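Notes for the structure review
Below are the chains, spelled out letter by letter.
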Amino acid sequence: METLLKDFNVPGKNASEEAQRRWRSAVRIVRNRRRRFRMIADLNKRSEARNKILKTQEQLRVALYVQKAAFIFVDAVRGNEYELSAEAREAGFRIHPNALAHIVRNHDIKSLESLGGVLGVATKVNVSLNEGVKLSDIPVRQKIYGSNRYTEKPSRSFWIFVWEAFHDLTLIILMVCAVVSIGVGLPTEGWPKGMYDGLGIILSIFLVVSVTAVSDYRQSLQFKDLDKEKKKIFVQVTRDGYRQKISIYDLVVGDVVHLFIGDQVPADGLFISGYSLLIDESSLSGECLPANIYEDQPFLLGGTKVQDGSGKMLVTTVGMRTEWGKLMETISEGEEDETPLQAKLNGVATVIGKIGLGFAVLTFVVLTVRFLVDKLLRNEFTDWSSSDALTLLNYFATAVTIVVVAVPEGLPLAVTLSLAFAMKKLMNDKALVRHLSACETMGSATCICTDKTGTLTTNHMVLEKIWICGKAKEIKGNVDGGVFNSEISEKALTILLQAIFQNTGAEVVKDREGKNSILGTPTESALLEYGLLLGGDFDAQRREIKILKVEPFNSVKKTMSVLVVLPDGGLRAFCKGASEIVLRMCDKIVDNYGEPVLMSEEQVRNITDVINGFACEALRTLCLAFKDFDDTFNENSIPDSGYTLIAVVGIKDPVRPGVKDAVRTCLAAGITVRMVTGDNINTAEAIAKECGILTEDGLAIEGTEFHSKSLDQMKEIIPKIQVMARSSPSDKHILVTHLQNMFKEVVAVTGDGTNDAPALHKADIGLAMGIAGTEVAKESADVIVLDDNFSTIVNVAKWGRAVYINIQKFVQFQLTVNVVALMLNFVSACISGSAPLTAVQLLWVNMIMDTLGALALATEPPNDGLMKRPPVGRDVSFITKAMWRNIIGQSIYQLAVLGVLNFYGKQLLKLKGSNATEVLDTFIFNTFVFCQVFNEINSREIEKMNILRGIFDSWVFIGVMVCTVAFQVIIVEFLGTFASTVPLSWQLWLLSILIGSVSIPVGTVLKCIPVERETPRHHDGYHPLPGGPEFLA
């Protein structure tokens, strides 16, 4: 089978357009192309959209970078033509929305200066830059300037899905056959008997279409909900004088927005204030070089990303007036790349469809030839009646229905159904899947490279220890800082507070109740909280000292620096960051009197011991330092040497509850967990041991040491690496690349920073943090872990495995039905000249195995046993030998029983009378359906004996089973006129159920037949072995 499916192999991530087009062109037999390819990207439309985007980017690039004087002049003239409405003037606004949009879009600095700069624009849009927008003004601002929403395609109604379901070619042919059957039957058999066959087919088609449309519509609603979650982006704004977090879609013109590294600029606007603000405009203009934003170049465009620095902006244009809004309108919604399973199952459907089509043609030919030979033997070849035509028409309808059953449209669509179900459940479990394939691929993950802070730990940080002036002090709760203040000089305390309050990206703000709250990263918040505990006044410090330049923290430098002007006019730089890095930048130390003194080698060793001591207690260590300058200093850069060490702090970040169990679950599942962190190696080792990641034979290594190794050395040590400390994003990227290329691992990687984007993109599954993660990281990720919890990542892996195994169950079940239905009708047609299953009955069987079968088997929740088996390898066959064993075994049993009933049923069942044939055909149909019902239960486990485990946890499965049996009773007992059935006695009902139930012991016997396992070999060279109880569980 795998040889036949070679054209349908598509990578789970970053698939080439060639591979995508190859498998699409290989799909030959499709009953309903609209439905089959609805959830798969239209490559032609995607290409058109890409060209439109490039054209828009080019136009914007021209407008931004190579404007002509005449172009500016024309736009300026247009700008004067805008007239503000009376309503806008009454509300206090003095500038037209389009005029404002023109200034920012075209970077028209002259027009901005003529309005009085940013302050003048703020006045014209009636807002205070300190207080922000008033909540009471929001409705009128939205009415005058618009809301920050983009034009979206309307969602599909239920009737669209009904219409698409009707586009099934085989159903259309059957409807034509039904109409012809009615047209021929009425004159031949009269009213109403002549209507029954045709009307039965029509009613069956409407039932199939209705169930299909409802299933597809429910899927679309699930994807719509998930799409809404993907678009949720929040920013910090100042409104009514208070900082608050709001959705970007609630922004209005006049809002004051606070921007940080990794944020998406939520709308067009103007720079108010900030430090080292660097904007990546490539998503909008296509330009690779980032733009520096400052007072003389204040224009910010929505959709761009903050690459470095921080700042405040005034929103001037929102929604469809922004260039980003126009670009978003161009981008097609719902163009999700196909998953590997979707492509592969399209291939399986194509192969089986070709076989089924051949059998359908053969069946029709055999039936027709037998009919013609029979007429010839009776010398009636030239005598044709309408009943003969009706017989041939029924043969044709049966052949077409065999195609309906034989072409398993439900296979690739079952993947979508299962993924939609899993994604919805994962959303409730705090994991937002951005790409369908990620959920599927996560089930095959063999390695998780995880961050420490916030993922393995709680990210609720508290400063627990400090070393200053040669003394170490443990901080216990919110005790009065005065005790510690008395132990150090006032000058040393002043420098310490300056280092905490000036060199920070966090802020102390007051809420509506007047209480102080800290906004910033957990590390910054812990330091600020300690500064307040010591009696420091954040606002007073910020008023007294002017900040000249800020170099924000990033994961490459691992330091943050700030240059300030002291109250006496002197210049001072503060630096904080990774303890050993900052310590190397220092040549002096603050003594007991707060004075800088030269640092001796012995002091360096002592401080290093302090740092290591803190780290071994699982504390995150930071060093704080400062440097004073004279008047000759160049203010354009902050130096990276000659500092004076102020203090070493140890910050406690406890391990999350449940992480140790989650790591143990991963190891039992054959998933290696590696911690990749920027922290000190001693801190990382302590946390890794506590989590169960670092074992006695495992290796902990620093990033600098790792990337200095040769390829051969890396190949030797990578399997042993369990902790990588002081790592940079490039170290993480190198590790991921080598794991994939050298060891063929399926790698999941977590990340939260802007610089993590390349590793997230490179990994098989990129996992961004929902709380600590930047918008840049989230955009590069496949899954967003909304609670930043490692246990959630393990849950994603479990659901990924559930999706894979559920699809395998469904494929096993459907292929069994395919084989039995095809062979039964074909063999019967060849031997007896008639097909035991009519068109209506086959349509019902098709619905059982297609839509209802997918609902029952593809939506089963995961069980704990899934995480006690090794992951599925990259090149392992999807249809395993165990599945073929079950398919062939069950098919042989069902064909043997149904074959015997078909040819010897009357004698065995002692059926007599004029309706014996109808009773036998009904009994065969009933037995066939119950064989499928019990085989569906059998398919819940492919290799294990206990098929009933967790059956009552899957209410969908139970519901489908009940509905199938109930409707089967209705068809047999009450719809015989349309379905060509007759009511059965209770004895025959019981016998049908008993014969069907034998599928379960047959399945048990089959599972005792050993087959070779396709377990992928781990890179360490061992095969994980299943335990004995697992086989029975």
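Each value, and the rule that gives it
Residues numbered from 1 in each chain as written. Predicted model: local features only at pLDDT ≥ 70, side-chain atom pairs only at ≥ 80, totals over all residues. Heavy atoms only, no water. Axes fitted to C-alpha atoms, helices over the stretch in contact; angles between N-to-C directions. Helix = DSSP H or I, 4+ residues; strand = E, 2+ residues; numbered from the N terminus. Parallel < 35°, antiparallel > 145°, perpendicular 65-115°, else oblique. Left-handed = near helix turned anticlockwise from the far one by under 90°. Contact = heavy atoms within 4.5 Å. Nonpolar A, V, L, I, M, F, W, Y, C, P; charged D, E, K, R; others polar. Buried < 20%, exposed > 50% of the residue type's maximum accessible area, 1.4 Å probe, protein only. Polar contact = N/O pair within 3.5 Å; in protein donor to acceptor, adjacent residues only side chain to side chain. Phe/Tyr/Trp six-rings, centres within 6.5 Å; stacked < 30°, edge-to-face > 60°. Salt bridge = Lys/Arg side-chain N within 4 Å of Asp/Glu carboxyl O. Arc of directions from axis to C-beta. Pairing = 2+ DSSP bridges. UniProt positions renumbered as here; feature names shortened; annotations may be inferred. Core = buried A, V, L, I, M, F, W, Y, C linked by side-chain atoms within 4.5 Å. Domains from an automatic or database assignment.

The geometry of helix H25 (residues 659-668) relative to helix H32 (residues 790-832) is characterised by a closest axis approach of 9 Å and an angle of 30° between their N-to-C directions. Taken together, the axes of H25 and H32 lie roughly parallel to each other. As H25 runs across H32, the sense of the crossing is left-handed. Seen from H25, the contacting residues are Val659, Ala662, Val663, Thr665 and Cys666; seen from H32, they are Phe790, Ser791 and Val794. Of the residues assigned to the contact of H25 with H32, the class counts are 6 nonpolar, 2 polar and no charged.

By the element assignment, Thr238 lies in strand E1 (residues 234-239). Relative accessible area serves as the criterion here: at 8%, Thr238 is assigned to the buried category. Within polar-contact distance, the side chain of Thr238 engages the side chain of His258 at 2.8 Å. Once residues within four sequence positions are removed from consideration, Thr238 is found in contact with Asn130, Glu131, Gly132, Val133, Arg243, Val256 and His258.

Before going further, it helps to examine the packing of aromatic side chains. Aromatic ring pairs: the centre-centre distance and the angle between the two ring planes describe each pair. Per the stated rule, a full pass over the model turns up 10 aromatic pairs. Taken together, a centroid distance of 5.7 Å and an interplanar angle of 75° make the contact between Phe158 and Tyr217 edge-to-face. Of this pair, Phe158 sits in helix H10 (residues 158-165) while Tyr217 sits in helix H12 (residues 196-230), and the two are 59 residues apart along the sequence. With relative accessibility at 23%, the residue Phe158 sits in the partly exposed group.

Our focus in this paragraph is the pattern of salt bridges. Applying the stated criterion across every chain yields a total of 22 salt bridges. The partner of Lys732 in a salt bridge is Asp451, with the nearest N and O atoms 3.1 Å apart. Residue Lys732 is located in helix H29 (residues 729-743), and its partner Asp451 is located in the loop between strand E9 (447-450) and strand E10 (462-468); the two are separated by 281 residues in the primary sequence. With relative accessibility at 10%, the residue Asp451 sits in the buried group. In this structure, Glu551 and Lys557 form a salt bridge, with 3.9 Å as the shortest nitrogen-oxygen distance. Within the structure, one salt-bridge network assembled from shared partners comprises Asp451, Lys732 and Asp756.

Okay, the environment of Thr368 next. Within the secondary structure layout, Thr368 lies in helix H15 (residues 340-377). Between the alpha carbons of Thr368 and Leu392 there is a distance of 6.9 Å; along the sequence they are 24 residues apart.

Phi is positive for Lys558, close to 65°, though the residue is something other than glycine. Topologically, Lys558 is positioned in the loop between strand E14 (546-551) and strand E15 (559-565). Classification of Lys558 as buried rests on a relative accessible area of 7%. The residue Lys744 is not glycine, and still its phi comes out positive at about 55°. Here Lys744 is to be found in the loop between H29 and strand E24 (747-751).

Once that is clear, we can look at helix H9 (residues 138-145). Structurally, the α-helix is built with 3.6 residues per turn, so residues lying three or four positions apart point the same way. For H9, the set of buried residues is Ile138, Arg141, Ile144 and Tyr145. Each buried residue of H9 lies within a common arc of 130° when the element is viewed along its axis, so the set occupies one face. Set apart from the buried face of H9 by more than 90 degrees, the exposed residues are Pro139 and Lys143. Each element contacted by the buried residues of H9 is listed here: helix H5 (86-90), helix H6 (97-105), helix H8 (117-124) and E1. Once H9 ends, the next one or two residues include Gly146, with phi positive near 90°.

Taking burial as the measure, the 10 residues of strand E20 (residues 643-652) include 9 buried ones, the bulk of the element. Examined bridge by bridge, E10 and E20 share 6 bridges and lie antiparallel to one another. The residue of E20 that forms the bridge with Leu463 is Ile651. Where strand E17 (residues 586-590) and E20 come together, 3 bridges link them in parallel fashion. From the neighbouring strand, Cys586 faces E20, where its bridge partner is Tyr643.

Pairing is mixed across the open sheet formed by 8 strands, whose spatial order is E8-E26-E25-E24-E9-E21-E23-E22. The sheet terminates laterally at strand E8 (431-433) and strand E22 (699-702), the two strands that pair on one side only. For this sheet, the mean angle separating the axes of adjacent strands, direction not counted, is 20°. As paired elements, E9 and strand E21 (residues 672-676) share 4 bridges and run parallel to each other. In the strand pairing of E21, Cys449 is matched with Arg674.

Our focus in this paragraph is the side chain of Asn795. With respect to the helices and strands, Asn795 occurs in helix H32. For Asn795, a relative accessible area of 19% corresponds to the buried category. Setting aside residues no more than four positions away along its own chain, Asn795 makes contact with Leu426 and Asp429.

Time to look at the packing of helix H20 (residues 490-502) against helix H21 (residues 522-533). At their nearest, the axes of H20 and H21 sit 9 Å apart, and the two run at 140° to each other. Taken together, the axis directions place H20 and H21 in an arrangement best described as oblique. The way H20 lies across H21 gives a crossing that is left-handed. Residue-level inspection shows Leu497, Ile500 and Phe501 of H20 in contact with H21, the latter providing Leu527, Leu528, Tyr530, Gly531 and Leu532.

With that settled, the discussion passes to the UniProt feature "transmembrane region" (unreviewed entry) in the chain. The UniProt feature table records "transmembrane region" (unreviewed entry) at residues 158-182, 194-214, 351-373, 393-422, 815-835, 887-904, 955-976 and 988-1009. This span, residues 887-904, is 100% helix and 0% strand, and a straight line between its end C-alpha atoms measures 25 Å.

For the rest of this paragraph, the subject is H8. All of the buried residues along H8 are Gly117, Val118, Gly120, Val121 and Ala122. Those residues of H8 that are buried lie in contact with H6, helix H7 (109-114), strand E4 (268-280) and strand E7 (305-317). Just past H8, the residue Asn126 takes up positive phi, approximately 60°.

So, on to the nonpolar core. Leu174, Met442, Ile765, Phe790, Ile807 and Val811 are the most contacted members of the largest nonpolar core, which has 158 residues in total. With 21 residues, H32 is the largest single contributor of residues to this core. Both domains that furnish three or more residues to this core are identified here as domain 4 (340-421 + 801-1008) and domain 5 (431-457 + 656-788). For Leu174, the contacting residues outside a window of four places in its chain are Ile201, Ile205, Ala397, Val400, Thr401, Val404 and Leu843. Membership of the second largest hydrophobic core comes to 53 residues, among which are Val118, Val133, Leu270 and Leu300.

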